[in-house]
Amino acid sequence: MNILLTGACGYIGSHVADLLSTNKGNKLFVVDNLSTGFRCAIPDSALFLNADLADSKAVENFVSENKIDAIMHFAGKISVPESIGHPDWYYECNTVNTYKLLVTAKNCGVKYFIFSSTAAVYSEINDKVKIAENFPKSPKSPYGASKLMSERIISDICSASDIKYGILRYFNVSGADPQLRLGQRNKSAQHLIKMCCKVLTGELDELKIYGNDYNTSDGTGVRDYIHVSDLAQAHVDVLDYLTDSNNISNIFNVGYGRGFSVLEVISAMEDVSGKKIPYKFVPRRTGDCAEVVSSNDKILTLTRWRPRYNDIKKIANDSYQWELKMLAERK
């Protein structure tokens, strides 16, 4: 199968590209503008186009010339705080570019489309319940809104064509390839485990915890953390699901169905590193929810996906070991 990955030089896309490359029946093609990604993160066998998705002509030529069967769309902006300050960036990059890519897919006869979405599309749930795919959608940030708009565009355009789609709503992605070949290279990443690593490696003096007055067990926010290698496998399994003629387009949560608070994550990072993480509490950030935990029953029922790294200490240790590797390379 000829598979195009957008944004594959980034964190998640590179793990998926590596996994797909192990199947000799696949030919990989990558479009990335390298704004946050790294060319070295994708397999040498992948045919690479350095372009922005806004350049519809270049992308459509690439898709057409290479007879692409499936597109996995990772490219986009992902920071909730940044989206609040610059919502125009997010609607342009995430929503408009997704529309342009869908038009290209339709024009070029692409059969399958898999989209990198997010749990940020959901409304905040006050009760301590797991979020299923049919839960109310009311994003608290332009980031979440840009992804939800993209989902609607995908559904509408694919339903009016022969494209089957899979939308994967990620929860909190962390970790690194257990063999430490791949990981989060973007130094500007702001998620909790990355920031813990920066403190542990001396890049930051202390960790900021945004809010300690949430209605959770210890007052700090609770999230469902998923290992990036398990998330990568979910993309492969959803593509397999779509290629079965008996299956229809679908939306899947991808998480473990268990939440950990900020303080619990810090404790796990301290355990695997043998170091203390100094921290201070600061006010809540706009757009943050108290608790976001997935129901993953749907993906477990309809696909072959089964998590292999469902352990917060495994996620913490792989993240930390990757950061130590990156630190050694920079010296």
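Please refer to the structure placed before this passage.
What you are looking at is a predicted structure, and each value in this text was computed from that prediction instead of being measured.

Things to note about unusual backbone geometry
Argument step 1. One non-glycine residue, Leu34, adopts positive backbone phi at about 60°.
Argument step 2. Residue position: Leu34 is located in the loop between strand S2 (27-32) and strand S3 (47-50).
Argument step 3. On the basis of relative accessible area, Leu34 is assigned to the partly exposed category, the value being 28%.
Argument step 4. A positive phi angle is found at Lys67, which is not glycine, with a value near 50°.
Argument step 5. Turning to its location among the elements, Lys67 is positioned in the loop between helix H2 (56-65) and strand S4 (70-73).
Argument step 6. With a relative accessible area of 62%, Lys67 lands in the exposed category.

Here we look at the layout of surface pockets
Argument step 1. Volume-wise, the second largest pocket comes out at about 250 Å³.
Argument step 2. Mapped by element, the contributors of at least two residues to the lining of the second largest pocket are helix H1 (11-21) and helix H7 (228-243).
Argument step 3. Examining the composition of the lining of the second largest pocket, we find that 4 residues originate from one element, H7, more than from any other.
Argument step 4. Along the lines of polarity and charge, the residues of the lining of the second largest pocket split into 5 nonpolar, 5 polar and 5 charged.

Quick notes on the environment of Pro136
Argument step 1. Relative to the assigned elements, Pro136 resides in the loop between strand S5 (112-118) and helix H5 (142-159).
Argument step 2. Counting along the chain gives 13 residues from Pro136 to Ser123, while the straight-line C-alpha distance between them is 5.8 Å.
Argument step 3. Once residues within four sequence positions are removed from consideration, Pro136 is found in contact with Tyr122 and Ser123.

Definitions and cut-offs
- Residues numbered from 1 in each chain as written.
- Predicted model: local features only at pLDDT ≥ 70, side-chain atom pairs only at ≥ 80, totals over all residues.
- Heavy atoms only, no water.
- Helix = DSSP H or I, 4+ residues; strand = E, 2+ residues; numbered from the N terminus.
- Buried < 20%, exposed > 50% of the residue type's maximum accessible area, 1.4 Å probe, protein only.
- 1 Å grid on protein atoms, 1.4 Å probe; cavity = no way out; pocket = protein on both sides within 12 Å on 5 of 7 lines; lining within 4 Å.
- Points joined across faces, edges and corners; volume = space filled by probe spheres on them.
- Nonpolar A, V, L, I, M, F, W, Y, C, P; charged D, E, K, R; others polar.
- Contact = heavy atoms within 4.5 Å.

These values are about where atoms sit, not about what they do.
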